[in-house]
Amino acid sequence: MAIRPILTVPNPILKEKSLPVERVDDDIRALMDDMLETMYAAPGIGLAAVQLGVLRNVIVMDLAREDEPPAPRFFANPEILESSAEVASFEEGCLSVPDVWDDIERAARVKIRYLDYHGNLIEEWADGLYAVCIQHEMDHLEGVVFIDYLTRIKRSRAVEKVKKGVAERNRAKKSSRVAAE
Ligand code: K2U
Ligand code: ZN
């Protein structure tokens, strides 16, 4: 397993549409393992493969609270079969848009179908944070990031804030490398 870099906006790869996997084989499971380790290290509660620059329909998630044992979930080729008419709003963030949070409205419940870590076909309803997170991650597979739902001015401010934050982190890393030499 490996912790891999997470792409941040405005990287154009995040706007690309991901492709289905042919089967959940050892290579896909190794990708899932890397994604989960990277997500835990971030830390986050969900991650799509495109956020690591891999254009495949693969998502990992762990919604367990800090006082609960880990409960990793793995999704290959996820589909939304049904969405409730009822909607719910949630203050979302994204590991590809660090330090930006905003309220996003989504279907309160979704029926999803996917292949799990072992390639088993699963169909289930998701609600609450599960529904929010799976819709957020499945947007990533379509090249959609949550700030795409914001106004143009809010979106551009978010991108500028991320670019500034990435530049500051890179400067800090560089100065600590120089100091260590
Ligand atoms: O796509 C991602 O970067 C994963 C998100 C998952 C997420 C987004 C919105 C709402 C729920 C989950 C990251 O984990 S954002 C960080 C985070 C951490 C705890 C709770 C909510 C979001
Ligand atoms: Zn995200």
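Scroll up to find the structure this text is about.
Undergrad: Tell me what's going on with the state of the cysteines, and back it up with residues and numbers.
TA: Enumeration over the complete set of coordinates arrives at zero disulfides. Unpaired in terms of disulfides, C133 finds its nearest cysteine sulfur in C94, a separation of 9.9 Å.

Undergrad: Explain the coordination of the zinc ion (ligand 2) residue by residue, including any values.
TA: Distances from the zinc ion (ligand 2) to its protein donors, C94 (SG), H136 (NE2) and H140 (NE2), fall within 2.1 to 2.2 Å. Coordination at the zinc ion (ligand 2) is tetrahedral: its four donor atoms span angles of 91 to 131 degrees at the metal. Of note, the donors binding the zinc ion (ligand 2) are all from one chain and are spaced C-x41-H-x3-H. Linking C94 in the loop between strand 4 (87-92) and strand 5 (102-107) with H136 in helix 2 (residues 128-141), this pair joins segments that are 42 residues apart in sequence. Pair check on accessibility: C94 and H136 agree, each one buried.

Undergrad: Could you give an account of the sheet that holds strand 6 (residues 109-115), with specific residues and numbers?
TA: A sheet is described by the order of its strands in space; here five strands give the open sequence 1-2-3-6-7, paired in antiparallel fashion. Two strands lie at the open edges of the sheet, namely strand 1 (46-48) and strand 7 (121-127), each paired on one side alone. Neighbour-to-neighbour, the strand axes of the sheet open up by a mean angle of 40 degrees, direction not taken into account. Running over the sheet, helix 1 (residues 26-41) touches strand 1, strand 2 (58-62) and strand 3 (72-83) and is turned about 40 degrees from strand 2. Helix-sheet contacts for helix 2 involve strand 1, strand 2, strand 3, strand 6 and strand 7, and the interaxial angle to strand 7 is about 120 degrees.

Undergrad: Could you give an account of helix 3 (residues 152-180), naming the residues involved and the relevant values?
TA: Look at helix 3: 42 Å from first C-alpha to last across 29 residues, which is about the 42 Å you get at 1.5 Å a residue. Of all the residues in helix 3, the buried ones are A158, V159, V162 and G165.

Undergrad: Provide a residue-level description of the pairing of strand 2, including the pertinent values.
TA: Both faces of the sheet carry side chains from a regular strand, because those side chains alternate between them. Within strand 2, five of the five residues are buried, leaving the element largely enclosed by the surrounding structure. Across the two faces of strand 2 the burial is the same, with V58, V60 and D62 and I59 and M61 all buried. Here three bridges tie strand 1 to strand 2, and the two strands are oriented antiparallel to one another. Its bridge partner lying in strand 2, A48 is registered against I59. Examined bridge by bridge, strand 2 and strand 3 share five bridges and lie antiparallel to one another. When the sheet's bridge partners are listed, I59 is paired in strand 3 with F75.

Undergrad: Which residues make up the site of ligand 1, and what are the values?
TA: Around ligand 1 sit 16 residues in total, of which I45, G46, L95, H136 and E137 are the nearest. Taking 470 Å² as the accessible area of ligand 1 by itself, protein coverage stands at 86%. Within the residue set of the shell around ligand 1, elements represented by two or more residues are strand 4 and helix 2. The element best represented in the shell around ligand 1 is helix 2, accounting for six residues. Broken down by class, the residue content of the shell around ligand 1 amounts to eight nonpolar, six polar and two charged.

The rules behind the values
- Residues numbered from 1 in each chain as written.
- Chains lettered and ligands numbered in written order.
- Predicted model: local features only at pLDDT ≥ 70, side-chain atom pairs only at ≥ 80, totals over all residues.
- Heavy atoms only, no water.
- Disulfide = S-S within 2.5 Å.
- Donors = N, O, S within 2.8 Å, 3.2 Å for Na, K, Ca; no water.
- Tetrahedral: all angles 85-135°; square planar, octahedral: opposite > 155°, others 65-115°.
- Helix = DSSP H or I, 4+ residues; strand = E, 2+ residues; numbered from the N terminus.
- Buried < 20%, exposed > 50% of the residue type's maximum accessible area, 1.4 Å probe, protein only.
- Pairing = 2+ DSSP bridges.
- Axes fitted to C-alpha atoms, helices over the stretch in contact; angles between N-to-C directions.
- Contact = heavy atoms within 4.5 Å.
- Expected span 1.5 Å × (residues − 1).
- Near = heavy atom within 4 Å.
- Areas by Shrake-Rupley, 256 points an atom, 1.4 Å probe, with all protein chains shown as cover.
- Nonpolar A, V, L, I, M, F, W, Y, C, P; charged D, E, K, R; others polar.

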